[in-house]
Structures are given as C-alpha cells and as structure tokens.
Amino acid sequence: MTTNDLLELLRRHLPEIRASLTAAQFARFQDGVRRLRSVGDDARAMGRAVREVRLCLLRLPRENELRRRLDQLRSAGAAPAAVFPDADQLDELIRLLESVDWPTLDPASAEIARGVRRRLLTAPARGPEQLTGAAADDPARAGLIRLTDPELGDRYPDFQFDPDTGEPRPVVQRINRLLLSDQDPWGAADWWLAGNSWLRDTPAALVGQVPDALLTEAAAALVGDGAW
C-alpha cells in the first residue's frame, strides 16, 4: 500500500469519515491532510503529519470499512511504499475537503464531547504553579498533557508526574509525544484515563506498576507507529 493508495481511500470514504467524526475531530483531520502538503521534503514532519491523520482515522467505528482495512494493514505490518504523496492527488483531496459544505457537530454529539471533557477534568491534576524545572519553563516541550478547565484554568493530570520527585515520568512523556498530545490533549488524556482492553486497566493506573515497554507497546499499537 502506497501513500497514494491511502489518499484514494480517503477520497472515496470522505462522507463516512465526516459522518463518523465530530466537527472538532474532522477539523483536525482536515488540518492533518493539509499538513501533508506543507511539510515539503522534511521527512520527520511528514511522519508527524501521517501519524496525525492516522490518529484521526482511529476515531472511526471499528466496524467501519476503512477502519477495518487500516487495522488489517497495521496488524500485517504493512508500510507505505513511498513516504511522500503525489502532489496532484493530494491537492485534489484537499480541494474536496475545502469545497464540500460539511455539516457541523450535532447537539447530541456535542453533549457527549462535553461529557468526556468533564470526566477527564475530574481526574487528579495540578496547576502550572505546581510544576518544577523544565516542565515549569515549557510544559509543551516537556511532553505534558495540558487540559483547560473553564474555572481552574490549565490543569496537568497527576499521573504524568513522579510522586516522589514531582518530575515528569519519561514513559509518559514518550507516549504523550507518540499520541501527539500537543495537538490533541483531550484525546491523549482519554487514552490514559479510560479503560484499555489490551492492558485490562486504565493506562494511567499502570504507570510504575507494569514495564514501561508494555505501556509504550499499547500506545504504539493504537497509532500503528511505522505503518499506515
């Protein structure tokens, strides 16, 4: 499967993608596709853009045809035969994304999204005044998830920090970057704080209780690191 094969799949399945994603998720998907064009010949930037698109597609229902096909390719270890997509094909996909009057988020979905955020904000967290060292200087660069509480402001979930030193846990920093938490902090937080069928617990509860490699493997399996 080449990157151009993927672009063709996205073009054919655009209506399903929009129907399955919230307005915010679809906007992020659009941004990820546009970023594929803006990275030029920077292979690392291309890789990040690819992961962003992939994470968006993982929001599709598991029974969705496109999601099933991508899951099969990832399970088989299939990697794209080319890193950079055909410019004309990519431009056509972007044109379709920008020319269609996609519907906005319906009220029921909006309420579900608000419910998820309320749940995530109930988890123990600390404010910016409680950060130390490099994390205090630049939390984003330190690989920390930052959630915004409408009343309390910026909040940093506690599981990210070593309880003895207060410093960010390296495994959490590594996984946060894998999950692109700087671009989708709510999605990354939901991975950490929701039940995980593979790990049989919430990942946040297992930090320091299971090998770091196991947590990293579970996150890598989610994003299919190294393959579409």
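Here, the structure is the one placed above.
Thresholds, definitions, all that
- Residues numbered from 1 in each chain as written.
- Predicted model: local features only at pLDDT ≥ 70, side-chain atom pairs only at ≥ 80, totals over all residues.
- Heavy atoms only, no water.
- Helix = DSSP H or I, 4+ residues; strand = E, 2+ residues; numbered from the N terminus.
- Buried < 20%, exposed > 50% of the residue type's maximum accessible area, 1.4 Å probe, protein only.
- Contact = heavy atoms within 4.5 Å.
- Areas by Shrake-Rupley, 256 points an atom, 1.4 Å probe, with all protein chains shown as cover.
- Salt bridge = Lys/Arg side-chain N within 4 Å of Asp/Glu carboxyl O.
- Core = buried A, V, L, I, M, F, W, Y, C linked by side-chain atoms within 4.5 Å.
- Pairing = 2+ DSSP bridges.

K.L.:
Please provide a residue-by-residue account of the overall build of the chain, values included.
P.N.:
Secondary structure summary: the chain contains 12 helices and 3 strands in total. A burial count over the chain gives 43% of its 228 residues as buried. Across the chain, contacts joining residues at least 24 apart in sequence account for 68% of those joining residues at least 6 apart. Element-wise, carbon and sulfur atoms account for 50% of the exposed surface of the chain, whose accessible area totals about 12,000 Å².

K.L.:
Could you give me a rundown of the pattern of salt bridges, with the residues and numbers involved?
P.N.:
Counted under the stated rule, the structure contains 8 salt bridges. Notably, a salt bridge pairs Arg37 with Asp91, separated by 3.1 Å at the nearest N-O pair. Pair noted here: Arg37 is in helix 3 (residues 23-38) and Asp91 is in helix 6 (residues 87-99), with a separation of 54 residues, a long-range link. Relative accessible area serves as the criterion here: at 44%, Arg37 is assigned to the partly exposed category. Relative accessible area serves as the criterion here: at 31%, Asp91 is assigned to the partly exposed category. In this structure, Arg126 engages Asp158 in a salt bridge whose closest nitrogen and oxygen atoms are separated by 2.9 Å. Here the residue Arg126 occupies a position in strand 1 (residues 125-126), and Asp158 occupies one in the loop between strand 3 (153-157) and helix 9 (170-178), the gap between them amounting to 32 residues.

K.L.:
An account of the nonpolar core is requested, with residue identities and associated values reported.
P.N.:
Across soluble globular proteins, nonpolar side chains have a tendency to be buried as a group. Residues Leu10, Ile17, Phe29, Val33, Leu36, Leu57 and Leu66 are the most contacted members of the largest nonpolar core, which totals 26 residues. Of all the secondary structure elements, the ones that give two or more residues to this core are helix 1 (3-12), helix 2 (14-20), helix 3, helix 4 (43-57), helix 5 (65-75) and helix 6. Looking at this core element by element, the count peaks at 6 residues for helix 4. Residues within four places of Ile17 in sequence aside, it is in contact with Leu10, Phe26, Phe29, Leu57, Leu60 and Leu66. Listed in part, the 21 residues of the second largest apolar core include Ile145, Leu179, Ala204 and Leu206.

K.L.:
Explain the pairing of strand 3 residue by residue, including any values.
P.N.:
Here strand 1 runs beside strand 3; their pairing, made up of 2 bridges, is antiparallel. Residue pairing for strand 3: Arg126 is matched across the bridge by Tyr156. Pairing analysis gives 3 bridges linking strand 2 (residues 147-149) to strand 3, with the strands arranged antiparallel. The residue bridging Asp149 from the neighbouring strand is Gly153, located in strand 3. The hairpin turn running from strand 2 into strand 3, its antiparallel successor, is 3 residues long.

K.L.:
Could you give me a rundown of the sheet that holds strand 3, with the residues and numbers involved?
P.N.:
In spatial order, the strands read 1-3-2; together these 3 strands make up an open sheet with antiparallel pairing. Here the strands that pair on one side only, and so sit at the sheet edges, are strand 1 and strand 2.

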